Amino acid sequence: MALLFALGEGAQVEFSWLKNALHLTEGNLSSHLAKLEETGYVQVEKGYQGRRPRTWVRLTPKGRAAYEAHRRALLELLRSEG
């Protein structure tokens, strides 16, 4: 979520790029994305680029809002610690 958020609104990345950037296995990333997709936080689109199958992932507006709320809550916790 943090990486997709940092890429900016509307950014879309290929599954393999995300897998490599996060140093995850295909199975592990697929499992996480499935849960995030069920909640409506990410959108996963499958298609073809030429003849090669591709999967693209993007953060939804709902996911962006949820991540921003989580980020704000964490920052508030850090501020109250000091």
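Note: the structure precedes this text.
Trainee: Looking at this model, I keep getting lost on the sheet that holds strand 1 (residues 12–14). Mind explaining?
Mentor: Sheets are built from strands paired through backbone hydrogen bonds, the pairs being either parallel or antiparallel. Spatially, the three strands line up as an open sheet ordered 1-3-2, and their pairing is antiparallel. Every other strand in the sheet has two partners, leaving strand 1 and strand 2 (42–49) as the edge strands with one partner each. Here the strands of the sheet are splayed against their neighbours by 30° on average, with no regard to which way each runs. Both strand 1 and strand 3 (residues 52–59) contribute to a ladder of three bridges, which runs antiparallel. Pairing of Gln12 across the sheet is with Arg58, part of strand 3.

Trainee: In this structure, what is going on with the pairing of strand 3? I would like to understand it.
Mentor: Consecutive residues of a regular strand have side chains that alternate between opposite faces of the sheet. In this structure, strand 2 lies alongside strand 3, joined through eight bridges in antiparallel fashion. Bridge pairing links Gly47 to Arg54 in strand 3. Connecting strand 2 to the antiparallel partner strand 3 that follows it, the hairpin turn spans two residues, and Gly50 within it adopts a positive phi of roughly 70°.

Trainee: Just to check I follow, could you spell out the pattern of salt bridges for this structure?
Mentor: Pairs can form between side chains of opposite charge whenever their charged atoms are close. Per the stated rule, a full pass over the model turns up four salt bridges. Residues Arg71 and Glu68 are paired through a salt bridge, measuring 3.0 Å at the closest nitrogen-oxygen approach. With Arg71 and Glu68 both in helix 4 (residues 61–81), this residue pair falls three residues apart, about one helical turn. Judged by relative accessible area, Arg71 falls into the partly exposed class, the value being 34%. Glu68 is the salt-bridge partner of Arg72, the closest N and O atoms lying 3.5 Å from each other. Within this pair, Arg72 and its partner Glu68 are both found in helix 4, separated by four residues, close to a single helical turn. The network of salt bridges with shared partners includes Glu68, Arg71 and Arg72.

Trainee: How do you make sense of unusual backbone geometry when you look at a structure like this?
Mentor: A negative phi angle characterises most non-glycine residues, just as the trans form characterises most peptide bonds. Phi angles above zero are rare outside glycine, and His23 is one such case at about 55°. With respect to the element layout, His23 can be found in the loop between helix 2 (15–22) and helix 3 (26–38).

Trainee: What is the right way to read the nonpolar core from this model?
Mentor: As a rule of thumb, nonpolar side chains are buried together in soluble globular proteins. Formed by Leu4, Phe5, Val13, Phe15, Leu18, Leu29, Leu33, Val42, Val57, Leu59 and Tyr67, the largest nonpolar core amounts to eleven residues. Among the elements of the structure, helix 1 (2–6), helix 2, helix 3 and strand 3 are those that each provide at least two residues to this core.

About the cut-offs
- Sequence order as written defines the numbering, with residues in each chain counted from 1.
- With pLDDT at 70 or above as the cut-off, local features in this predicted model cover only qualifying residues; side-chain atom pairs require 80 or more to be listed or tallied, and sums for whole chains, interfaces and linings still use all residues.
- Calculated side-chain values reflect all of the structure's heavy atoms, with hydrogen atoms and water omitted.
- Strands qualify as paired when DSSP identifies two bridges or more between them.
- Think of it this way: any DSSP run of H or I at least four residues long counts as a helix, any run of E at least two long counts as a strand, and we number them from the N terminus.
- Angles run from 0 to 180 degrees between N-to-C directions of axes, and those axes are lines fitted to C-alpha atoms, restricted for helices to the stretch in contact.
- Whenever Lys or Arg places a side-chain nitrogen within 4 Å of a carboxyl oxygen from Asp or Glu, that contact is recorded as a salt bridge.
- For every residue, the accessible area obtained with a 1.4 Å probe (protein chains only) is divided by the maximum for its type, and the residue is called buried under 20%, exposed over 50%, and partly exposed between those limits.
- We define a nonpolar core as any set of buried Ala, Val, Leu, Ile, Met, Phe, Trp, Tyr and Cys residues linked to one another through side-chain atoms lying within 4.5 Å.

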